[in-house]
Amino acid sequence: MEQVPAIIGDVAALALGACVGSFAVTVAYRLPRDISIATPRSFCESCERPVPWWANIPIFAYLASRGHCLMCGAPIRARHLGGELALALAALYLYVNFPPGDATARFIFITLLLISSLVDYDWRLIPNLITFPGVPVGFVLAALLMPEVGWQDSLIGIAAGGGLLFVTGYLYQLVRGQEGVGLGDVFLLAMVGAFIGWQGVMFTLFFGALLGSIGGLVVGLFGTPTAAPELPPVAREATAAPSPAVPSAAGAQAGTAAAVAAVSIEQQAPDSAAAENEEHALLSTAVPFGPFLSLAAGFYALFQPQLTSWYLSR
Ligand SMILES: [Zn+2]
């Protein structure tokens, strides 16, 4: 092993991470729109024409085209570069600092977090198609490949993550009379528990809530209130079945019934809250909570050894 120059492994990890990052951004675009992940091949999101082969090369294609489609000139969203860079660096870091199996399990987890964050950011929905399978996959990987987690902590993590947030959401709804934590968050946190155990859930909840509060405050103070995005095509199909004429807010409620469908409604339509009263704008969940949870969970997945030893040394 030592004969192979370390740089080759490093570059391979970077390249693999960048490719998976590119794939993750594509999945996050296609999943809610019900476009197959396999076909059609990569196309411009504006003019929908297929991109030349070299435009699939992660990072370089974005930089070479200066972030614009070469055919129609439309800007390519910076998340392509951001997602590719983030997963490239994560892959390199994990490759250098963890045994191969452990590193792979953590990388899969971070990829799932990235996809669900992007979907959540766009649609304020967390895709169950990602988080549902993420629970058993996380459990198996934690049991077999992640000695610092193991099957017991993973199992408790699933119960803690799913259960805790469900109870929190229920209490919030009782007190505030509106949905603050949706089922999407519950499933996301169950997946987090499966991959990084109950300790990871505690970390994720605490720092996710902290980051989310800061993010919410920043948006509340400086951002312009945004209307709730439309339901993505897959959710529309799912919610249209029971009652075709429901407005989007009621459709969102009906979405709980459709939780087994591809997506579930993460939080209640902020447009009704915004119209209701402006002064509550800071308190209501105007920003999706999921990406903040994912950020904290991803941080824990990368730095679990350091965080654990720091915690135990206190
Ligand atoms: Zn184009």
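Structure shown above.
Residues numbered from 1 in each chain as written. Predicted model: local features only at pLDDT ≥ 70, side-chain atom pairs only at ≥ 80, totals over all residues. Heavy atoms only, no water.

Engineer: How would you sum up the coordination of the zinc ion? Please name residues and give values.
Structural biologist: Around the zinc ion, the protein supplies C44 (SG), C47 (SG), C69 (SG) and C72 (SG) as donor atoms, at distances of 2.2 to 2.3 Å. With 4 donor atoms in place around the zinc ion and angles of 104 to 119 degrees between them, the coordination shape is tetrahedral. All donor residues of the zinc ion come from one chain, and their arrangement in sequence is C-x2-C-x21-C-x2-C. C44 sits in the buried class, given a relative accessible area of 8%. (Donors = N, O, S within 2.8 Å, 3.2 Å for Na, K, Ca; no water. Tetrahedral: all angles 85-135°; square planar, octahedral: opposite > 155°, others 65-115°. Buried < 20%, exposed > 50% of the residue type's maximum accessible area, 1.4 Å probe, protein only.)

Engineer: Tell me about a nonpolar patch on the surface, residues and numbers included.
Structural biologist: A contiguous nonpolar patch, built from F206, F207, L210, I214, L217, V218, L221 and F222 and spanning about 830 Å² of accessible area, is present on the exposed surface. With respect to the helices and strands, F222 occurs in helix α7 (residues 183-222). For F222, a relative accessible area of 69% puts it in the exposed group. (Patch = residues over 30% accessible without salt bridge, like charges linked within 9 Å, V, L, I, M, F, W, Y side chains within 5 Å. Areas by Shrake-Rupley, 256 points an atom, 1.4 Å probe, with all protein chains shown as cover. Salt bridge = Lys/Arg side-chain N within 4 Å of Asp/Glu carboxyl O. Helix = DSSP H or I, 4+ residues; strand = E, 2+ residues; numbered from the N terminus.)

Engineer: Give a detailed account of helix α4 (residues 100-123), specifying residues and quantitative values.
Structural biologist: What sets the pattern is the α-helix's 3.6 residues per turn: residues three or four places apart point alike. Across its 24 residues, α4 extends 35 Å between first and last C-alpha, which sits within 8% of the 34 Å expected from 1.5 Å per residue. For α4, the tally of buried residues reaches 19 of 24 residues, placing the bulk of the element in the interior. Positive backbone phi, approximately 55 degrees, marks R124, located one or two places after α4. (Expected span 1.5 Å × (residues − 1).)

Engineer: Which residues make up unusual backbone geometry, and what values go with them?
Structural biologist: Residue P40 is bonded to the preceding T39 through a cis peptide linkage, with omega at -5 degrees. Mapped onto the elements, P40 comes out in the loop between α1 (6-30) and α2 (60-64). Even without being glycine, D34 reaches a positive phi, approximately 60 degrees. One can find D34 in the loop between α1 and α2.

Engineer: Lay out the pattern of salt bridges with the relevant residues and their values.
Structural biologist: Enumeration according to the criterion identifies 4 salt bridges in this entry. Here R77 ties to D122 by a salt bridge, and the two come within 3.9 Å at their closest N and O atoms. Here the residue R77 occupies a position in the loop between α2 and α3 (79-97), and D122 occupies one in helix α4, the gap between them amounting to 45 residues. In this structure, R79 and D122 form a salt bridge, with 2.8 Å as the shortest nitrogen-oxygen distance. Taken together, the positions of R79 in helix α3 and D122 in helix α4 put the pair 43 residues apart, joining distant regions of the chain. On the basis of relative accessible area, R79 is assigned to the buried category, the value being 16%.

Engineer: Please give an account of the nonpolar core that cites residues and values.
Structural biologist: Among the nonpolar cores identified, the biggest contains 52 residues, and F109, M191, V192 and I196 are the most heavily contacted of them. Going through the elements one at a time, α1, α3, α4, β1 (125-127), α5 (128-145), α7 and α11 (290-312) are the ones with two or more residues in this core. Counting residues in hydrophobic clusters, the runner-up holds 5 residues, among them A18, I59, L81 and A88. (Core = buried A, V, L, I, M, F, W, Y, C linked by side-chain atoms within 4.5 Å.)

Engineer: Let's hear about the packing of α5 against helix α6 (residues 150-176): which residues, and what values?
Structural biologist: A pair of packed helices is characterised by two quantities: the angle between their axes and the separation of those axes. In contact at an axis separation of 7 Å, α5 and α6 are set at 155 degrees when each is read in the N-to-C sense. Here α5 is positioned roughly antiparallel relative to α6, judged by the angle of their axes. Here α5 and α6 pass one another in a crossing that is right-handed. Of the residues in α6, those touching α5 at V135, G138, F139, A142 and A143 are G150, W151, S154, L155 and I158. In terms of residue class, the contact of α5 with α6 is made up of 7 nonpolar, 3 polar and no charged. (Axes fitted to C-alpha atoms, helices over the stretch in contact; angles between N-to-C directions. Parallel < 35°, antiparallel > 145°, perpendicular 65-115°, else oblique. Left-handed = near helix turned anticlockwise from the far one by under 90°. Contact = heavy atoms within 4.5 Å. Nonpolar A, V, L, I, M, F, W, Y, C, P; charged D, E, K, R; others polar.)

Engineer: If you had to explain the environment of C47 to someone new, which residues and values would you point to?
Structural biologist: Mapping C47 onto the fold places it in the loop between α1 and α2. Residue classification places C47 among the partly exposed residues on the basis of a relative accessible area of 23%.

Engineer: An account of the environment of L302 is needed here, citing residue identities and associated values.
Structural biologist: Take L302: it is sitting in helix α11. Spatially, the C-alpha atoms of L302 and A103 are 9.0 Å apart, while their sequence positions differ by 199 residues. When near neighbours in sequence (up to four residues on either side) are disregarded, L302 contacts A90, Y93, L94, F98 and I110.

Engineer: Outline the packing of aromatic side chains, supporting the account with residue identities and numerical values.
Structural biologist: A full pass over the atoms with the stated rule returns 9 aromatic pairs. Measuring from centroid to centroid gives 5.3 Å for F203 and Y300, while their planes differ by 45 degrees, and the two rings are tilted. Taken together, the residues F203 in helix α7 and Y300 in helix α11 connect sequence positions 97 residues apart. Residue classification places F203 among the buried residues on the basis of a relative accessible area of 14%. Given a relative accessible area of 6%, Y300 falls into the buried group. (Phe/Tyr/Trp six-rings, centres within 6.5 Å; stacked < 30°, edge-to-face > 60°.)

Engineer: Before we move on, can you summarise α1 with the specific residues and values?
Structural biologist: Look at α1: 36 Å from first C-alpha to last across 25 residues, which is about the 36 Å you get at 1.5 Å a residue. Along α1, the residues classified as buried are G9, A13, G17, A18, G21, S22, A24, V25, V27, A28, Y29 and R30. On its buried side, α1 packs onto α3 and α4.

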